[in-house]
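Residue strings, one per chain:
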Amino acid sequence: MIPIPLLALVAPALCLKAFDNGVGHTPQMGWNSWNKYGCNINESVIISAAETMNQLGLLQYGYEYIVMDDCYQLKERDSETGKIVVDPQRFPNGIKYLSDRVHQLGFKFGMYSSAGKFTCGRYPGSLGYEELDAQTFADWGVDYLKYDNCFNEGMSGNEKISSDRYLKMSQALNATGRTIFYSLCQWGEDNVWNWGTTLSNSWRVTGDIYDSFNRYDDRCPCESFDCAGIQGNSCSMVNIFEKAIPLAQKSGPFEGWNDLDSLEVGNGGMTTNEYKAHFTLWAILKSPLVLGNDLPRMSQTDFAIITNKDIIAINQDFSSPAVRVWKRAVKGGHLSLLVNKLADPYVFTVTLFNSGDRKERLEVKFSDIFFDHPGFQESSFTARDLWTNETMDVKQRFFTAVNKHSVKVWNFVLTDTVAANSGWGANLRSIWHLCVDTILVSKQIS
Ligand code: GAL
């Protein structure tokens, strides 16, 4: 058993992040305008999103950032100052007014730009204007920057070229002295998961999401990263999930977060079961949970999905993303078993995802669930279904069924007192607590 004082010495070195701007120690949560509104944004769209989030109490669930995406500018920079010019018709009171309003409502305010000559909507991008734009954002009271990859002037193709381009904005944001969450939108090109951690809080790992469960689309031609080609757009939820799974090991509380793109829950392209699956999978893979729907017109059903506190708690737990233990072909898709080891050494999350076209019945074995934690294979757990709240006592194996296009997800809490009191469990818990303390102290200092 490692003595606690020794842990205290080694933990800070184990726990510190390469890049730490004081935010993003858990995946960010909020709302972004793009999935629902695209370029059709204006002051009242953003303010009514913020007011609705306030009325619905979404901050209490963790939804903190309100992010305005592309298309808020005029097509030309100011000819004298070189600054971005906000479209006065859409934003008659300017951006500072907007950010003040968002702040008054208790939220943080995010904006968008591109590490290119233009944004994807062909408005001026920040390539070559990093310091000026970062200062403009800071002056406007911006707390979050989503930074895209369009019109990058050929400055991509390898990790060094891409990371240098994104580093410039990271340094410029830091130089403003304002805490600004830095969210890369580099679509998973140039292995962003290898270097995103050194300069940002999160990084998109695929092309744009499309509000479909698993529809194939030529605009999103790759089914996995083996096809090292165009990441594209109009990627279905299952397409993104399958790409993100092997990358999970590249993200965590000390690295930063793989961003699977904003959520589509509430936009109407999937069934309720499919949206529950979408929300659960994004949560267990520790993707940012950024809503992308029409908040003022959200249904009760969709509200219940996005406010499932147990699912959000897995996402916000101070631990790493889920690991897929197995994947089996079934009619029309796959059945997958995923396990999250949570910060509490005696709690696990077990998820079954059926992307196939018919209900699947199966036996789930502890030898699979605890493949990586053999000490628990003989232990007893209480399993609580996080969508129905039903509980069951389980040991060694259990039988269940998963509907088509659905998830089942349980929290497994150890009930075996012998294992719970063993020394190694206490040690694991201590490491986590020391890491949390280290992060919190570093946050206070910065
Ligand atoms: C894409 C990006 C989308 C959205 C859009 C705006 O490149 O992936 O999330 O920001 O640009 O034009």
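Definitions and cut-offs
Every chain begins its residue count from 1, and numbering advances along the sequence as written. For a predicted model such as this one, the threshold for reporting local features is a pLDDT of at least 70, and the threshold for listing and counting side-chain atom pairs is 80 or more; totals across whole chains, interfaces and linings nevertheless cover every residue. Excluding hydrogens and water, the side-chain values take into account all heavy atoms of the structure. Helix and strand assignments follow DSSP, with helices taken as H or I runs no shorter than four residues and strands as E runs no shorter than two, numbered in order from the N terminus. Under the scheme applied here, a residue whose accessible area is under 20% of the maximum for its type counts as buried, over 50% as exposed, and between as partly exposed, the area being computed with a 1.4 Å probe on protein chains only. Residue contacts are counted whenever heavy atoms from the two residues lie within 4.5 Å of one another. Note on areas: Shrake-Rupley, 1.4 Å probe, and residue coverage restricted to the protein chains presented here. Disulfides are defined as pairs of cysteine sulfur atoms found within 2.5 Å of each other. Residue proximity to a molecule or strand is established when one non-hydrogen atom of the residue lies within 4 Å of it. In the analysis that follows, any N or O atom pair within 3.5 Å is treated as a polar contact, provided that within protein one partner can donate a hydrogen and the other can accept it, and provided that, for residues neighboring in sequence, both atoms belong to side chains. Nonpolar residues are Ala, Val, Leu, Ile, Met, Phe, Trp, Tyr, Cys and Pro. Charged residues are Asp, Glu, Lys and Arg, and all others, Gly as well, are polar. Residue count minus one, scaled by 1.5 Å, sets the expected span of a helix. In this scheme, strands are said to pair when DSSP sees at least two bridges between them. Each axis is a line fitted through C-alpha atoms, taken for helices only over the stretch in contact, and angles between the N-to-C directions span 0 to 180 degrees. The criterion for an aromatic pair is that two Phe, Tyr or Trp rings (for Trp, the six-membered ring) have centres within 6.5 Å, with stacked assigned to planes under 30 degrees apart, edge-to-face to planes over 60 apart and tilted to the rest.

(A) Molecular detail of the overall build of the protein chain. Broken down by element type, the protein chain carries 15 helices and 16 strands. Taken across its 446 residues, the protein chain has 56% of its residues classed as buried. Across the protein chain, contacts joining residues at least 24 apart in sequence account for 72% of those joining residues at least 6 apart. Summing over all exposed atoms, the protein chain offers an accessible surface of approximately 18300 Å²; the carbon and sulfur share of this is 51%.

(B) The arrangement of the state of the cysteines in detail. All chains considered together, the criterion is met by 3 disulfides. Across a sulfur-sulfur distance of 1.8 Å, cysteine 39 and cysteine 71 are joined as a disulfide pair. Of this pair, cysteine 39 sits in the loop between α2 (34-37) and α3 (43-55) while cysteine 71 is found in the loop between β2 (65-67) and α5 (94-104), placing the two residues 32 residues apart along the sequence. What makes cysteine 39 partly exposed here is its relative accessible area of 29%. According to the relative accessible area criterion, cysteine 71 is buried, its value standing at 1%.

(C) Just the site of the ligand, in detail. Around the ligand, the structure places Trp34, Asp69, Asp70, Tyr112, Cys120, Gly121, Lys146, Asp148, Cys185, Trp187, Arg204 and Asp208. Between an oxygen atom of the ligand and a side-chain N or O atom of aspartate 70, the distance comes to 2.8 Å. Taking arginine 204, its side chain carries an N or O atom lying 3.2 Å from an oxygen atom of the ligand. Its residues assigned to classes, the shell around the ligand comprises 5 nonpolar, 1 polar and 6 charged.

(D) Molecular detail of α3. Between the first and last C-alpha of α3 there are 18 Å, a value that for 13 residues agrees with the 18 Å anticipated at 1.5 Å per step. All of the buried residues in α3 are Glu43, Val45, Ile46, Ile47, Ala49, Ala50, Thr52 and Met53. Elements that come into contact with the buried residues of α3 comprise β1 (29-32), α2, α4 (58-61), β2, α5 and β3 (108-114). By the N-cap criterion, in which a side-chain oxygen at the helix start approaches the backbone nitrogen of a residue two or three places on, α3 is capped by asparagine 42, the distance to serine 44 being 3.0 Å. Glycine 57 occupies a position one or two residues after α3 and carries a positive phi of about 70°.

(E) Representation of helix α7 (residues 159-175) in the model. For α7, which comprises 17 residues, the first-to-last C-alpha distance of 24 Å matches the rise-based estimate of 24 Å (1.5 Å per residue) to within 8%. Buried within α7 we find Ser162, Ser163, Arg165, Tyr166, Met169, Ser170, Ala172 and Leu173. In this structure, the buried side of α7 is in contact with α6 (130-139), β4 (144-148), β5 (181-184) and α8 (192-195). The N-terminus of α7 is capped by asparagine 158, whose side-chain oxygen sits 2.9 Å from the backbone nitrogen of lysine 160. One or two steps after α7, the chain reaches glycine 177, where phi turns positive at roughly 80°.

(F) Representation of the sheet that holds strand β8 (residues 289-291). Taken together, the 8 strands give an open sheet; going across it, the order is β7-β6-β5-β4-β3-β2-β1-β8, and neighbouring strands pair in parallel fashion. With partners counted over all chains shown, the strands left at the sheet margins are β7 (257-259) and β8, one partner each. Averaged over all pairs of adjacent strands, the angle between their axes in this sheet comes to 25°, without regard to strand direction. Across 5 bridges, β3 lies against β4 in parallel orientation. Its bridge partner being in β4, serine 114 is matched across the sheet by aspartate 148. Against the sheet, α3 engages β1, β2 and β3, with an angle of about 150° to β1.

(G) Quick look at the environment of glutamate 43. Mapping glutamate 43 onto the fold places it in helix α3. Linking glutamate 43 and asparagine 93, residues 50 residues apart in sequence, is a C-alpha distance of 8.1 Å. Those residues within four positions of glutamate 43 in sequence are excluded, and the remaining contacts are Arg90, Phe91, Pro92, Asn93, Tyr97 and Leu98.

(H) Main features of unusual backbone geometry. For aspartate 190, which is not glycine, the phi torsion reads 50° and is therefore positive. Accessibility expressed as a relative area gives 16% for aspartate 190, which makes it buried. Unlike most non-glycine residues, serine 234 shows phi in positive territory, near 60°. Along the chain, the position of serine 234 falls in the loop between β6 (202-204) and α9 (237-244).

(I) Up close: the packing of aromatic side chains. For the structure shown, the criterion picks out 26 aromatic pairs. Judged by centre distance (4.9 Å) and plane angle (80°), the rings of phenylalanine 348 and phenylalanine 370 are edge-to-face. Placement of the pair is phenylalanine 348 in strand β11 (residues 347-354) and phenylalanine 370 in the loop between α13 (366-369) and β13 (380-385), with a sequence separation of 22 residues. Taken as a pair, phenylalanine 348 and phenylalanine 370 share a single burial class, namely buried. Summarising the aromatic geometry, the rings of phenylalanine 366 and phenylalanine 412 are spaced 6.0 Å apart at their centres and angled 55° between planes, so their arrangement reads as tilted. On the criterion of sequence distance, the pair formed by phenylalanine 366 in helix α13 and phenylalanine 412 in strand β16 (residues 406-414) is long-range, its members being 46 residues apart. When sorted by exposure, phenylalanine 366 lands in the same class as phenylalanine 412, which is buried.

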